[in-house]
Amino acid sequence: MSDARHTRRAQGVGEPAEFTFAELDWTPWLDPLPESELTERHRDGLVDAARAKSPYFMLLARDPDILGARTRSDKDIFYNTDGGLPRRERELAAVAVSRFNGCIFCASVHARFSERQGGDHETIAALLRDGTLPADAPAPWLLTAETAERLSATPVEFSAVHVAALREAGFDDAAILDLINSASFFNWANRLMLSLGFPSGKTGSDRDA
């Protein structure tokens, strides 16, 4: 770690102080792989060529096989929408987990995605601001956020009782699995991102979490 980077982080220059819908940049502690050093193996691990412009993915590209598995899991959990939980609720689960874990970057990315998929802006904004959904939010959203937070806090406390409550509310088994996968993935992803760098500034990049 360079002295300049350590000083910048210690002073918190450019680091957002609150959760936001804004598009943020992300500064890694370690040096990402230079784009000039990408091989076909690295490009396969990135999955999407555009991710070569992301410091986060280029840092993870130093282990391209793990990155490839990570990214394909991410895409299957969030983009395979042939049945199961609607995409906006999967993204909402990612927001709830990221808010709970303190990952400002991930929360901002997935708040925008949930809204783009039909989620209500003010409801998502309340989750970002307060850490909870408003009491008058739709019941499926309240259950989605509550389940995501429960899995974040103490996974082993999630039990058949909670599955039964989700079923009673109209969640089928595919939707319950999507909710668990979305929350679980971001419990891992938040910790990775929080350990490797910090959010800063504003960028035009998206899906960097």
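The residue count restarts for each chain, going from 1 along the sequence in the order it is written. Predicted model: local features are reported for residues with pLDDT of at least 70 only, side-chain atom pairs are reported and counted for 80 or more only, and whole-chain, interface and lining totals are derived from all residues. In computing side-chain values, all of the structure's heavy atoms are included and hydrogens and water are not.

Caption draft 1: Layout of the side chain of Arg 99. Segments assigned H or I by DSSP are reported as helices when at least four residues long, segments assigned E as strands when at least two residues long, and all are numbered from the N terminus. Within the secondary structure, Arg 99 is located in helix 5 (residues 87–101). One buried charged side chain, Arg 99, makes no salt bridge at all; its nearest oppositely charged neighbour is Asp 130, positioned 6.4 Å away. Within the structure, the side chain of Arg 99 is placed 3.2 Å from the backbone oxygen of Arg 129, a separation counted as a polar contact. Dropping the residues within four chain positions of it, Arg 99 is found in contact with Phe 19, Ala 107, Leu 127, Leu 128, Arg 129, Asp 130 and Gly 131. Buried, partly exposed and exposed residues are distinguished by accessible area as a fraction of the type maximum, computed with a 1.4 Å probe on protein chains only: under 20%, between the cut-offs, and over 50%, respectively. This count recognises Lys and Arg as positive and Asp and Glu as negative, with His and chain-terminal groups excluded. The term salt bridge refers to a pairing of a side-chain nitrogen on Lys or Arg with a carboxyl oxygen on Asp or Glu at a separation within 4 Å. Side-chain atoms alone can form a polar contact between residues adjacent in sequence; in general such a contact is a pair of N or O atoms within 3.5 Å, and within protein one must be able to donate a hydrogen while the other accepts it. What makes two residues a contact is simply this: any of their non-hydrogen atoms within 4.5 Å.

Caption draft 2: How the structure looks around the pattern of salt bridges. In total, this model carries 12 salt bridges according to the counting rule given. With its nearest N and O atoms 3.1 Å apart, the salt bridge here joins Lys 53 to Glu 35. Remark: Glu 35 occurs in the loop between strand 1 (25–28) and helix 2 (40–46) and Lys 53 occurs in the loop between helix 2 and helix 3 (55–60); sequence separation between them is 18 residues. Since its relative accessible area comes to 66%, Lys 53 is described here as exposed. Using a relative accessible area of 35% as the deciding quantity, one classes Glu 35 as partly exposed.

Caption draft 3: Quick look at unusual backbone geometry. A positive phi angle is found at Val 47, which is not glycine, with a value near 70°. Examined against the element boundaries, Val 47 turns out to sit in the loop between helix 2 and helix 3.

Caption draft 4: Representation of the side chain of Thr 27 in the model. Position of Thr 27 among the secondary structure elements: in strand 1. Of the polar contacts made by the side chain of Thr 27, one reaches the side chain of Ser 200; its length is 2.9 Å.

Caption draft 5: Fine view of the confidence of the model for the chain. You can read pLDDT as the predictor saying how much it trusts each residue, on a scale of 0 to 100. Considering every residue of the chain, the mean pLDDT works out to 90; 90% of them sit at 70 or more. Contacts from residues 1–12, a stretch scored under 50 in pLDDT, to residues over four places away or in other chains number 12 contacts. Low confidence marks residues 203–207, where pLDDT is under 50. Its contacts with residues over four positions away, or in another chain, come to 20 contacts.

Caption draft 6: Broad picture of the packing of helix 4 (residues 64–79) against helix 10 (residues 173–196). Under this scheme, a helix contributes an axis fitted over its contacting stretch, all axes are lines through C-alpha atoms, and angles between N-to-C directions fall in the 0 to 180 degree range. It is at 10 Å that the axes of helix 4 and helix 10 come closest, and there the two elements cross at 150°. The orientation of helix 4 with respect to helix 10, classified from their angle, is roughly antiparallel. In this structure, helix 4 crosses over helix 10, and the sense of that crossing is left-handed. Between helix 4 and helix 10, the contacting residues are Arg 70, Ser 73, Asp 74, Ile 77 and Phe 78 on the first element and Asn 181, Ser 182, Phe 185, Phe 186 and Trp 188 on the second. As a working rule, the residues Ala, Val, Leu, Ile, Met, Phe, Trp, Tyr, Cys and Pro are called nonpolar, Asp, Glu, Lys and Arg charged, and the rest polar, with Gly in that last group. Split by residue class, the contact of helix 4 with helix 10 holds 5 nonpolar, 3 polar and 2 charged. Roughly parallel covers angles under 35 degrees, roughly antiparallel covers those over 145, roughly perpendicular covers 65 to 115, and oblique covers all other angles. Should the near helix be turned anticlockwise from the far one by less than a right angle, the crossing is termed left-handed; should it be turned clockwise, right-handed.

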